[in-house]
Amino acid sequence: MNTVDESLNHLIEAVRNSKEFQDYQIVKAKVEKYPEKKRSLDKYRTRMYKIQNNHGETDLYHHIDEIERESERFRQDALIDEFLTAELALCRMVQQINYAYPPQIETDMKRMAEEETHP
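Residues numbered from 1 in each chain as written. Predicted model: local features only at pLDDT ≥ 70, side-chain atom pairs only at ≥ 80, totals over all residues. Heavy atoms only, no water.

Student: Even after reading the chapter, I still don't get the overall build of the chain, so can you show me in this structure?
Tutor: Assigned secondary structure in the chain consists of six helices and zero strands. Taken from N to C terminus, the helices and strands of the chain fall in the order α-α-α-α-α-α. Here the chain holds 119 residues, and 17% of them are scored as buried. Nonlocal contacts in the chain, meaning residues at least 24 apart in sequence, comprise 63% of its contacts between residues at least 6 apart. (Helix = DSSP H or I, 4+ residues; strand = E, 2+ residues; numbered from the N terminus. Buried < 20%, exposed > 50% of the residue type's maximum accessible area, 1.4 Å probe, protein only. Contact = heavy atoms within 4.5 Å.)

As structure tokens, then:
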């Protein structure tokens, strides 16, 4: 095994042992005991994902307002609020890892992606 693979394995282990990941796993197991809540939550999270990744949406503000109202309703449920809070903490940790990717290692992929979107 090379140094990169070893380092990657250490990073994965560190993430799995982190408080953020452990908290997320615990609350995820709690939510899974309530199938109706889980279905509603999954539907909400799917909509959030689609809105966040649909950059060409013309009525984005309407969708964001709709999601914010739905989020307020969801967060009144203590278990759902706990889940969304734990998920956000885990996502922020993963984002931090992604942002730490050294720019010196970048390949031509970024340039090629930019050329594809701005020919």
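Student: Looking at this model, I keep getting lost on the nonpolar core. Mind explaining?
Tutor: A general tendency of soluble globular proteins is for nonpolar side chains to be buried together. Grouped together as the largest cluster of nonpolar side chains are 16 residues, with contacts concentrated most on L41, Y44, F83 and L84. For this core, the secondary-structure elements that each account for two or more residues are α2 (19-31), α3 (35-53), α4 (60-74) and α5 (78-99). Looking at which element gives the most residues to this core, the answer is α5, with seven residues. Look past the residues within four positions of L41 in its chain and what remains in contact with it is V31, F74, I80, F83 and L84. (Core = buried A, V, L, I, M, F, W, Y, C linked by side-chain atoms within 4.5 Å.)

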